[in-house]
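# Examination of the molecular architecture
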Amino acid sequence: MLDLTRVRQEYMRDGLDEKDVLADPLAQFARWFDDAQNAGLVMPNAMSLATVSALGKPSSRVVLLKGVDDGKNGGFVFYTDYDSRKGREVAGNHHASLLFAWLPLERQIRIDGTIAKVSAAESDAYFATRPLGSRHAAIASPQSEVIESRAALAQRFNDAARAAGENPARPAHWGGYRLAPVEIEFWQGRENRLHDRLVYRKTAQGWRLERLAP
Ligand SMILES: Cc1cc2nc3c(=O)[nH]c(=O)nc-3n(C[C@H](O)[C@H](O)[C@H](O)COP(=O)(O)O)c2cc1C
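Described below are features of the structure shown in this document.

Moving on, we come to the pattern of salt bridges. Taken as a whole and assessed by the stated rule, the structure comprises 18 salt bridges. Asp14 is the salt-bridge partner of Arg107, the closest N and O atoms lying 3.2 Å from each other. Pair noted here: Arg107 is in strand E6 (residues 107–117) and Asp14 is in the segment before helix H1 (25–38), with a separation of 93 residues, a long-range link. Judged by relative accessible area, which is 7%, Arg107 ranks as buried. When the shortest N-O distance is used, the salt bridge between Arg208 and Glu210 registers 3.2 Å. You can call Glu210 partly exposed: its relative accessible area is 26%. Connected through salt bridges with shared partners, the residues Glu18, Arg190, Asp196 and Arg211 form a single ionic network.

Okay, here's the thing in structure tokens:
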């Protein structure tokens, strides 16, 4: 049906050298994120989030990065429904993985770590910044559940909007997660498939930087 064996791309844009990266991978992430924004990439904060069920079955989906904080409890923050499939999987297995594919820059970032909920205060604060319709939708939509129809969803939305009004409280089933990284890999495409891969691994002494074979 689809033969893509001849679709090829040479990677020529850039290199990634040990001497050019920052000692802190979160700072290095921020630097690459700036590059992605400055290059005008569409939704550079869209990232793939992979989780694993209690039975070891993986699943992935796109979510939006809403912040990165450094320090001891730093990490990558996103918001979702705690009762969704991903929420249930995270509750049973807190190991997860994030992926940014910034293809026009021939770059990929892989982030592995463990996920925990952000504080209720943090979730409240972010919820309050969302457009009213998004807040009503968070109340109305039982994410990942089977629903009867589009019309039933619209009905739920209208009911939520009527009941919750102009200043809805954050529903308990909706909030943020923070993935605390233990490993972050920066990948830069290079000529002849000899790509650069620099990986930071968290150790008791701090971050250790290593190069991986492409
Ligand atoms: C560009 C894009 C951004 C998205 N951002 C989010 C997000 O920030 N939070 C979220 O819960 N779902 C987001 N989604 C929807 C998810 O991909 C997914 O459909 C939803 O979270 C349900 O996933 P689950 O059933 O595995 O829990 C986004 C989808 C796309 C394509």
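More follows now that the structure is in view.
Strand direction decides the pairing type here: strand E7 (residues 174–188) and strand E8 (residues 196–203), joined by six bridges, are antiparallel. Counted as the bridge partner of Glu183 is Arg201 from E8. As paired elements, E8 and strand E9 (residues 206–211) share six bridges and run antiparallel to each other. Its bridge partner being in E9, Leu198 is matched across the sheet by Arg211. Once E8 ends, the chain turns through two residues before running back antiparallel as E9.

The terminal C-alpha atoms of helix H5 (residues 150–164) lie 21 Å apart, and with 15 residues this matches the ideal 21 Å at 1.5 Å per residue to within 8%. Within two residues after H5, Gly165 carries a phi angle of roughly 75 degrees, on the positive side.

This paragraph deals with the site of the ligand. Taken together, Met43, Arg61, Val62, Val63, Leu64, Tyr79, Thr80, Ser84, Arg85, Lys86, Gln143 and Ser144 are the residues near the ligand. Leu64 places a main-chain nitrogen or oxygen 3.0 Å from an oxygen atom of the ligand. In this structure, Thr80 approaches the ligand through a side-chain N or O atom, which is 2.6 Å from an oxygen atom. Burial of the ligand by the surrounding chains reaches 64%, relative to a free accessible area of 620 Å². Of all elements in the fold, only strand E2 (58–64), strand E4 (75–81) and helix H2 (85–92) reach the threshold of two or more residues within the shell around the ligand.

How each quantity is defined
Residues numbered from 1 in each chain as written. Predicted model: local features only at pLDDT ≥ 70, side-chain atom pairs only at ≥ 80, totals over all residues. Heavy atoms only, no water. Salt bridge = Lys/Arg side-chain N within 4 Å of Asp/Glu carboxyl O. Helix = DSSP H or I, 4+ residues; strand = E, 2+ residues; numbered from the N terminus. Buried < 20%, exposed > 50% of the residue type's maximum accessible area, 1.4 Å probe, protein only. Pairing = 2+ DSSP bridges. Expected span 1.5 Å × (residues − 1). Near = heavy atom within 4 Å. Polar contact = N/O pair within 3.5 Å; in protein donor to acceptor, adjacent residues only side chain to side chain. Areas by Shrake-Rupley, 256 points an atom, 1.4 Å probe, with all protein chains shown as cover.

By themselves, these figures tell us nothing about what the structure is for.
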